[in-house]
Amino acid sequence: MNDTEFQRFTDAAAHCQMSHAAFLAYAVDKAARDLTRTAAEIATERQVINELFAARRHLGWIHGLFNQVAKALNSGADAPHLDAMATAVGSAARRMEDAADALLAHRDGSAAE
């Protein structure tokens, strides 16, 4: 922990009128209760970027599957859930775009500080 982080920790403990030990115990307990959120909050930028690239790979695989569906439809096959699947994939792609945009905005904001 560097001096800035220690000062932020000390200020937070004082604001909550807690000792350092009590504040740490409370913070650790709170973090342990929701590990998904904790992992998301402490993820490094590199981890976030890795996840975005993994999502992009998955969307590429889905693209390949859509090509197979198109080929099957052209051969007379039926795809009763195609509209729902296309909607879900479109939604996932938009969410990935939003996540990438948020990451870039965060990076641009961090550079300005």
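A quick note: this is a predicted structure, and the numbers were derived from the prediction, not measured. (Residues numbered from 1 in each chain as written. Predicted model: local features only at pLDDT ≥ 70, side-chain atom pairs only at ≥ 80, totals over all residues. Heavy atoms only, no water.)

1. Some points on the overall build of the protein
- When you go through the protein residue by residue, the secondary structure sums to 5 helices and 0 strands.
- Each helix (α) and strand (β) of the protein, taken in turn from the N terminus, gives the series α-α-α-α-α.
- Within the protein, buried positions represent 7% of all 113 residues.
- For the protein, long-range pairs separated by at least 24 residues make up 38% of all intrachain contacts whose partners lie at least 6 apart in sequence.
- Seen as two clouds, the 11 positive and the 15 negative side-chain charges of the protein have centres 6 Å apart. (Helix = DSSP H or I, 4+ residues; strand = E, 2+ residues; numbered from the N terminus. Buried < 20%, exposed > 50% of the residue type's maximum accessible area, 1.4 Å probe, protein only. Contact = heavy atoms within 4.5 Å. Lys, Arg positive; Asp, Glu negative; His and termini not counted. Charge placed at Lys NZ, Arg CZ, Asp CG, Glu CD.)

2. Re the pattern of salt bridges
- Scanning the model with the defined rule gives 1 salt bridge in all.
- Across the pair Arg33 and Asp29 runs a salt bridge whose closest N-O atoms are separated by 2.8 Å. Of the two residues, Arg33 and Asp29 are both situated in helix 2 (residues 20-33); the distance of 4 residues between them amounts to about one turn of the helix.
- Classification of Arg33 by relative accessible area gives exposed; the value is 66%.
- Look at Asp29 and you get partly exposed, because its relative accessible area is 36%. (Salt bridge = Lys/Arg side-chain N within 4 Å of Asp/Glu carboxyl O.)

3. Structural notes on the packing of aromatic side chains
- Following the criterion strictly, the structure yields 2 aromatic pairs and no others.
- Here Phe6 and Phe9 contribute two aromatic rings whose centre-to-centre distance is 5.9 Å and whose plane-to-plane angle is 55°, an arrangement assigned as tilted. Residue Phe6 and its partner Phe9 are located together in helix 1 (residues 3-15), separated by 3 residues, close to a single helical turn.
- On the basis of relative accessibility, which here comes to 12%, the residue Phe9 falls in the buried class.
- Each member of the aromatic cluster is reached from another via a ring pair, and the members are Phe6, Phe9 and Phe23. (Phe/Tyr/Trp six-rings, centres within 6.5 Å; stacked < 30°, edge-to-face > 60°.)

4. Some thoughts on the confidence of the model for the protein
- Confidence in the prediction of the protein, expressed as mean pLDDT, is 85, and 95% of residues score 70 or more.
- Mean pLDDT in the protein bottoms out at helix 3 (residues 35-42), which sits at 74, and peaks at helix 1, which reaches 92. (pLDDT = per-residue confidence, 0-100.)

5. Some points on unusual backbone geometry
- Even without a glycine there, the phi angle at Gln17 is positive, about 55°.
- Turning to its location among the elements, Gln17 is positioned in the loop between helix 1 and helix 2.
- Since its relative accessible area comes to 76%, Gln17 is described here as exposed.

6. Quick look at helix 1
- Taking 1.5 Å of rise per residue, 13 residues should cover 18 Å, and helix 1 covers 18 Å from first to last C-alpha, within 8% of that figure.
- Between a side-chain oxygen at the N-terminus of helix 1 and the backbone nitrogen of Thr4 the separation is 3.0 Å; the capping residue is Asn2.
- Looking at the residues trailing helix 1, positive phi occurs at Gln17, about 55°. (Expected span 1.5 Å × (residues − 1). Polar contact = N/O pair within 3.5 Å; in protein donor to acceptor, adjacent residues only side chain to side chain.)

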